[in-house]
Amino acid sequence: MRDAWNHGVAVKRIFCRLAEAWTFLLKKVFVPVVLPIVILWSLARVMNHEALPEWINACIKLVMAVL
């Protein structure tokens, strides 16, 4: 029983660490670094009258659907 309990605690610890890593990536990497770069790149393409890639269109549609 103790062995099973220890494995359960270890699994919980792993998932907690994964959740903390995901939160760190979103708050410290994606929002302040990646998101502005993608926005500036998209605006530069629009200003040069180039078509946006399909994945950007899908992201815009997703954001509009959520809002």
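Refer to the preceding data block for the structure.
What counts and how
- The residue numbering used here restarts from 1 in each chain and proceeds along that chain's sequence as written.
- With the structure being a predicted model, the display of local features is reserved for residues of pLDDT at least 70 and the display and counting of side-chain atom pairs for 80 or more, all residues being used for whole-chain, interface and lining totals.
- The basis for the side-chain values is all heavy atoms of the structure; hydrogens and waters are excluded.
- Strands are runs of DSSP state E lasting at least 2 residues, helices are runs of H or I lasting at least 4, and numbering of each runs from the N terminus.
- Relative accessibility under 20% of the residue-type maximum defines a buried residue, over 50% an exposed one, and the middle range a partly exposed one, all with a 1.4 Å probe and only protein chains included.
- Residues are treated as being in contact if the distance between any of their heavy atoms lies within 4.5 Å.
- We place a 1 Å grid over just the protein atoms. Points where a 1.4 Å probe fits but has no way out form a cavity, open points with protein on both sides within 12 Å along at least 5 of 7 lines form a pocket, and any residue with an atom within 4 Å of a point lines it.
- Grid points are joined across faces, edges and corners, and a volume is the space filled by probe spheres set on the points.
- In this classification, Asp, Glu, Lys and Arg are treated as charged, Ala, Val, Leu, Ile, Met, Phe, Trp, Tyr, Cys and Pro as nonpolar, and every other residue, Gly included, as polar.
- Pairs were defined over the aromatic rings of Phe, Tyr and Trp, the Trp ring being its six-membered one, requiring ring centres within 6.5 Å. Orientation was assigned from the angle between planes: stacked under 30 degrees, edge-to-face over 60, tilted for the rest.
- Only one rule defines a salt bridge in this text: a Lys or Arg side-chain nitrogen within 4 Å of an Asp or Glu carboxyl oxygen.

**Student:** Just checking my understanding: could you explain the side chain of Ser-42 for this structure?
**Tutor:** For Ser-42, the position within the fold is in helix H1 (residues 2–47). Note on Ser-42: relative accessible area 12%, which makes it buried. Those residues in contact with Ser-42 that sit more than four places away from it in its chain are Leu-52 and Ile-56.

**Student:** Would you mind showing me how to read the layout of surface pockets here?
**Tutor:** To find leftover empty space, a probe the size of one water molecule is rolled over the atoms. Looking at the largest pocket, its volume works out to about 410 Å³. Lining the largest pocket we find 15 residues, and of these Leu-35, Val-38, Cys-59, Ile-60 and Val-63 sit closest to its centre. Taken together, the residues of the lining of the largest pocket sort by class into 14 nonpolar, one polar and no charged.

**Student:** Can you walk me through the packing of aromatic side chains in this structure?
**Tutor:** Ring pairs (aromatic) are described by centroid distance and by the angle formed between their planes. Tallying each qualifying case throughout the model produces one aromatic pair. Their ring planes at 10 degrees and their centres at 6.2 Å tell us that Trp-41 and Trp-55 sit as a pair that is stacked. Taken together, the residues Trp-41 in helix H1 and Trp-55 in helix H2 (residues 54–66) connect sequence positions 14 residues apart. Judged by its relative accessible area of 36%, Trp-41 falls in the partly exposed class. Residue classification places Trp-55 among the partly exposed positions, given a relative accessible area of 46%.

**Student:** Where do I start with the pattern of salt bridges in this structure?
**Tutor:** Oppositely charged side chains can pair when the atoms bearing their charge come close. Within this structure, the stated rule accounts for one salt bridge. Between Glu-50 and Arg-45 there is a salt bridge whose closest N-O contact spans 3.7 Å. You can call Glu-50 partly exposed: its relative accessible area is 39%. A relative accessible area of 22% means that Arg-45 is categorised as partly exposed.

**Student:** What should I look at first to understand the environment of Ala-51 in this one?
**Tutor:** Along the chain, the position of Ala-51 falls in the loop between H1 and H2. For Ala-51, a relative accessible area of 60% translates into the label exposed. C-alpha separation for the pair Ala-51 and Phe-15, spaced 36 residues apart in sequence, amounts to 40 Å.

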